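Breakdown of the fold
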Amino acid sequence: MNIAESISTCFRRYANFSGRAQRSEFWWFAAFFFICLPLSILIFIWPLIFALLIPTLAVSVRRLHDTNRSAWWVLPPFLVVIPAPLIVFSAWLISVMDKDDEFRSVAFLIAVLFFVITLGCCILILVLCASAGTVGPNRYGPDPLRPEAGEGDAGESPYYSELSHPVSEPEPLPRRFCSRCGIQVLQNAKFCCGCGTPV
């Protein structure tokens, strides 16, 4: 999937939080979002940021579904990232304008701490979204790389082949008995171990 396909897919599935998304769909749209974000801040088009938040959240949830993870994993990063610039800027502004050195130090520490938490949450979501998707269908839907494969086609995957096509056990050989004394004889034996009669 290229960038145009990714953007059109994400806007077509604007608020669709169900199903799965392949890595290229997520990464191209994430690149588009991070290009638009500074541009919209510079030219003060705030509605554009909010318009892009919903499809970004939706594609992140679908990407997590592809890795067989719950959508709840996306909540902490988004809850931290959205208010982060405001909190960091407010803490920095207080540290610059207030003359009380102790209060300025606390405000600066809050800004640094919140920046570190935000960075950690961003790294977490990026690592989760970068991990490989489940091969074949999972509980969130069919594999986006093999959309034609339904639930019944899971056996075609090499991961399911042993379960779907078990190796049959060979038929047991019939037991052999000595014609003279009647005791059981081993399969490859040429003589009875009890009486010595050839079998």
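Thresholds, definitions, all that
Residues numbered from 1 in each chain as written. Predicted model: local features only at pLDDT ≥ 70, side-chain atom pairs only at ≥ 80, totals over all residues. Heavy atoms only, no water. Helix = DSSP H or I, 4+ residues; strand = E, 2+ residues; numbered from the N terminus. Buried < 20%, exposed > 50% of the residue type's maximum accessible area, 1.4 Å probe, protein only. Contact = heavy atoms within 4.5 Å. Salt bridge = Lys/Arg side-chain N within 4 Å of Asp/Glu carboxyl O. Arc of directions from axis to C-beta. Polar contact = N/O pair within 3.5 Å; in protein donor to acceptor, adjacent residues only side chain to side chain. Core = buried A, V, L, I, M, F, W, Y, C linked by side-chain atoms within 4.5 Å. Expected span 1.5 Å × (residues − 1).

This part covers the overall build of the chain. When helices and strands are tallied, the chain shows 7 helices and 2 strands. Classification of the 199 residues of the chain by burial places 30% in the buried group. Across the chain, the fraction of contacts at a sequence separation of at least 24, relative to all contacts at a separation of at least 6, is 54%.

Between side chains of opposite charge, a pair can form when the charged atoms approach closely. One pass over the full model with this rule turns up 3 salt bridges. Among the salt bridges present, the one from Asp 66 reaches Arg 20, with a minimum N-O distance of 2.8 Å. Linking Asp 66 in helix 3 (residues 46–66) with Arg 20 in the loop between helix 1 (3–12) and helix 2 (23–42), this pair joins segments that are 46 residues apart in sequence. Here Asp 66 and Arg 20 have matching classes, each one buried. Where Glu 25 meets Arg 62, a salt bridge forms, and the shortest distance between an N and an O atom there is 2.8 Å. Here the residue Glu 25 occupies a position in helix 2, and Arg 62 occupies one in helix 3, the gap between them amounting to 37 residues. It is possible to trace a salt-bridge network through shared partners that takes in Arg 20, Arg 63 and Asp 66.

Further remarks concern helix 1. At 3.6 residues per turn, the α-helix brings residues three or four places apart onto the same side. The set of residues buried in helix 1 consists of Ser 6, Ile 7, Thr 9 and Cys 10. An end-on view of helix 1 places all buried positions within 165° of arc, on one side of the element. What points out from helix 1, more than 90 degrees from its buried face, is the exposed set Ala 4 and Arg 12. A distance of 3.2 Å separates the backbone nitrogen of Ala 4 from a side-chain oxygen at the start of helix 1, and that oxygen is part of Asn 2.

As a further point, take the nonpolar core. By size, the foremost hydrophobic cluster in this structure holds 17 residues, and its most contacted members are Phe 26, Phe 29, Leu 52, Val 59, Leu 64, Val 74 and Ile 125. For this core, the secondary structure elements donating two or more residues are helix 1, helix 2, helix 3 and helix 6 (101–130). Sequence-distant contacts of Leu 64, that is, excluding residues within four places in its chain, are made with Arg 69, Ser 70, Ala 71, Trp 73, Val 74, Ile 125 and Leu 128.

Glancing now at helix 3. The end-to-end C-alpha separation of helix 3 is 31 Å, in line with the 30 Å expected for 21 residues at 1.5 Å each. Positioned one or two residues after helix 3, Asn 68 has a phi angle of 65°, which is positive.

What is shown is where atoms sit, not what they do.
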